[in-house]
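# Results of the structural survey
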Amino acid sequence: QVQLDESGGGLVQPGGSLSLSCAASGSILHINVMGWYRQAPGKTRELVAGISGGGRTNYADSVKGRFTISRDNAENTVYLQMNSLKPEDTAIYYCKATQRGTDYWGQGTQVTVSS
């Protein structure tokens, strides 16, 4: 079983920045895709950004140009750099990793953007 440990959430002001990280551990054979999702109260979980093992990325339109996803394959870690944060970005952010067709999820980390 793969375990994902997230960190970096917190409270920031609008326009501020925050960095999230997610480290995978456990029965790691080969992780294909890693990504970040988020879920705000009363809303469904949505994709924020994803990245393949080769570094190919994709972003939700709402965060493109503001967020950057990256990964360290050797350490099985994925990062999310969030800039120009808006109150609408407030949500629980979840890390996801896909290995052999199976998705693994982190516990989630709270990001709150407010004055």
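For the structure itself, consult the block above.
Along every chain, residues carry numbers that run from 1 in the direction the sequence is written. Owing to the predicted nature of the model, reporting of local features is limited to residues with pLDDT of at least 70; listing and counting of side-chain atom pairs is limited to 80 or more, with chain, interface and lining totals taken over all residues. Think of the side-chain values as coming from all heavy atoms in the structure, minus any hydrogens and water.

## Quick notes on the overall build of the chain
Put simply, DSSP H or I for four residues or longer makes a helix, DSSP E for two residues or longer makes a strand, and each gets a number counted from the N terminus. Of regular secondary structure, the chain possesses zero helices and eleven strands. Computation of the radius of gyration draws on C-alpha atoms, with the globule rule given as 2.2 Å multiplied by the number of residues to the power 0.38. Over its C-alpha trace the chain gives a radius of gyration of 13 Å, about what one expects of a compact globule, namely 13 Å for 115 residues. Principal-axis analysis of the C-alpha atoms gives the chain an extent of 45 × 25 × 20 Å. When burial is assessed residue by residue, the chain has 39% of its 115 residues classed as buried. Here, two residues are considered to be in contact whenever any of their heavy atoms come within 4.5 Å of each other. Partitioning the intrachain contacts of the chain with sequence separation of at least 6 by distance along the chain shows that 53% fall at a separation of at least 24. Residues scored as charged are limited to Lys and Arg (positive) and Asp and Glu (negative), so that His and the chain ends carry no count. A single reference atom marks each charge: NZ on Lys, CZ on Arg, CG on Asp, CD on Glu. Charge centroids of the chain, computed over 10 positive and 9 negative side chains, lie 6 Å from each other. Exposure categories follow from relative accessible area, calculated using a 1.4 Å probe and restricted to protein chains: below 20% of the type maximum is buried, above 50% is exposed, and the middle band is partly exposed.

## Re the nonpolar core
Nonpolar side chains in soluble globular proteins generally cluster together in the buried interior. Counting 29 residues, the largest nonpolar core has Trp36, Leu80, Met82 and Tyr93 as the members making the most contacts within it. Residue assignment for this core shows that the elements contributing at least two residues are β1 (2–7), β3 (18–26), β4 (34–39), β5 (46–51), β7 (67–72), β8 (77–82), β9 (91–99) and β11 (109–113). Among all residues touching Tyr93, those that are not within four sequence positions of it are Glu6, Leu20, Trp36, Tyr37, Arg38, Val48, Phe67, Leu80, Met82, Gly108, Thr109 and Val111. Definition used in this section: a nonpolar core is a set of buried Ala, Val, Leu, Ile, Met, Phe, Trp, Tyr and Cys residues joined via side-chain atoms within 4.5 Å.

## Comments concerning unusual backbone geometry
Leave glycine aside and you will find that most residues have negative phi; peptide bonds, for their part, are mostly trans. For Ser84, which is not glycine, the phi dihedral falls at a positive 50°. Note on placement: Ser84 falls in the loop between β8 and β9. Positive phi values are uncommon outside glycine, yet Arg100 reaches one of about 50°. Along the chain, the position of Arg100 falls in the loop between β9 and β10 (102–105). Overall, Arg100 belongs to the exposed group, its relative accessible area being 67%.

## Focus on the sheet that holds β1
Paired through backbone hydrogen bonds, the strands of a sheet run either parallel or antiparallel to each other. One requirement defines pairing of two strands: DSSP has to find at least two bridges between them. Judged by pairing direction, the sheet is antiparallel, and its four strands sit side by side in the order β1-β3-β8-β7 without closing on themselves. Looking at which strands have only one partner, the edges of the open sheet turn out to be β1 and β7. Across this sheet, the average inter-strand angle for adjacent strands is 15°, counted without regard to direction. One ladder, built from six bridges, connects β3 with β8; its direction is antiparallel. Looking at the pairing, Leu18 lines up with Met82 of β8. Fitted lines through C-alpha atoms give the axes, limited to the stretch in contact for helices. The angle between two N-to-C directions lies from 0 to 180 degrees.

## Looking at the environment of Asp103
Relative to the assigned elements, Asp103 resides in strand β10. Taking relative accessible area as the criterion, Asp103 reaches 40% and is therefore assigned partly exposed. Remark: the alpha-carbon pair of Asp103 and Ile31, spanning 72 residues in sequence, is separated by 9.8 Å. Once you skip the residues sitting within four places of it in the chain, Asp103 turns out to touch Lys96, Ala97 and Thr98.

Coordinates in, geometry out; function isn't part of it.
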